[in-house]
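# Architecture and fold: a report
The chain contents come next:
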Amino acid sequence: MKRSLVIGAVLLVCVARPISAQKAYEPAEVTSAGDAYAPYQVLFDGLFVLDVFLDRDGDVQQINALRDPGSMLGAAKKSVQMWKFQPASKEGKSAPSRMTVSFVYRPPNWGIAAPVPPKGFSPVLPPDQSDSSVHGNYVPAGVLSFSYPEYPVNSLSWGSVVVQLTVDGSGMITGVDFLHGMDGFNNLVSKALKAWRFQPATFNGVSITSKTVIAFVFQPPISD
């Protein structure tokens, strides 16, 4: 009987811990975002991942590049600085926070076929800065794998589709919110997202549900 009570108590602690962590901290999110298109040519690897630092008002204070394979970093940062953010909530009060934002500049020279992510892709994981940062013990979601979207057949359009994902404590995508869409492109983004995998965000070492944003930037295929 005593053994059963002990096991039951341990299970209650395991169940209650992530729930209390989620209630104690609600991560930041993007409330509005415009077109992220940039008129530059990306030929090969076009995945950029940013670690965005926000103050308690939701204003961008700093942007660190977690993955920067080329010359598009400036355009990505400029887009983020124009977005509107809702700050994190810690124990019911606004708090400084962090958020991962990815930019996928789809290479134009693949025609309607989907480009292939680089071989030997390494997961992009935000560092734990809890010991030296006012942003506390929160680490935003990381990218474990990604996929480029296809390009619509017989289309010459360009622009971007910006989505905000809800990533649960197991790293699964449980919600997709289109912050900026394009007719004929949204469904291709939804298809590509099925191949994306994430490491969940953590608060005080406990996995929690969070938001992450991905901007898929489309360029017309290069004609022969």
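Just above, that's the structure.
This text gives an overview of the structure that appears in the document.

About the cut-offs
- Residues numbered from 1 in each chain as written.
- Predicted model: local features only at pLDDT ≥ 70, side-chain atom pairs only at ≥ 80, totals over all residues.
- Heavy atoms only, no water.
- Buried < 20%, exposed > 50% of the residue type's maximum accessible area, 1.4 Å probe, protein only.
- Helix = DSSP H or I, 4+ residues; strand = E, 2+ residues; numbered from the N terminus.
- Pairing = 2+ DSSP bridges.

This paragraph deals with the pairing of strand β16 (residues 210-218). Along β16, eight of the nine residues are buried, which leaves the element largely enclosed by surrounding structure. Two strands pair when backbone bridges link them, and strand β8 (residues 97-105) and β16 are joined in this way by five bridges, in the parallel orientation. Pairing of Y105 across the sheet is with V217, part of β16. Where strand β11 (residues 159-167) lies against β16, nine bridges are found, and the strand directions are antiparallel. Along β16, the bridge assignment pairs L165 with T212.

Once that is clear, we can look at the sheet that holds strand β1 (residues 25-26). Taken in spatial order, the three strands line up as β1-β6-β7 in an open sheet, and their pairing is antiparallel. Two strands in the sheet have a free side with no partner beyond their single neighbour: β1 and β7 (93-95). Examined bridge by bridge, β1 and strand β6 (residues 88-90) share two bridges and lie antiparallel to one another. In the strand pairing of β6, E26 is matched with S89.

This part covers the pairing of β11. With nine of nine residues buried, β11 is to be regarded as a mostly interior element. Because side chains alternate across β11, one face comprises the buried residues G159, V161, V163, L165 and V167, and the other comprises S160, V162, Q164 and T166, equally buried. In this structure, β11 lies alongside strand β12 (residues 173-180), joined through six bridges in antiparallel fashion. Counterpart to V162 in the pairing with β12 is H180. Between β11 and β12, which pair antiparallel and follow one another directly, the connecting turn spans five residues, one of which, G171, has a positive phi of 90 degrees.

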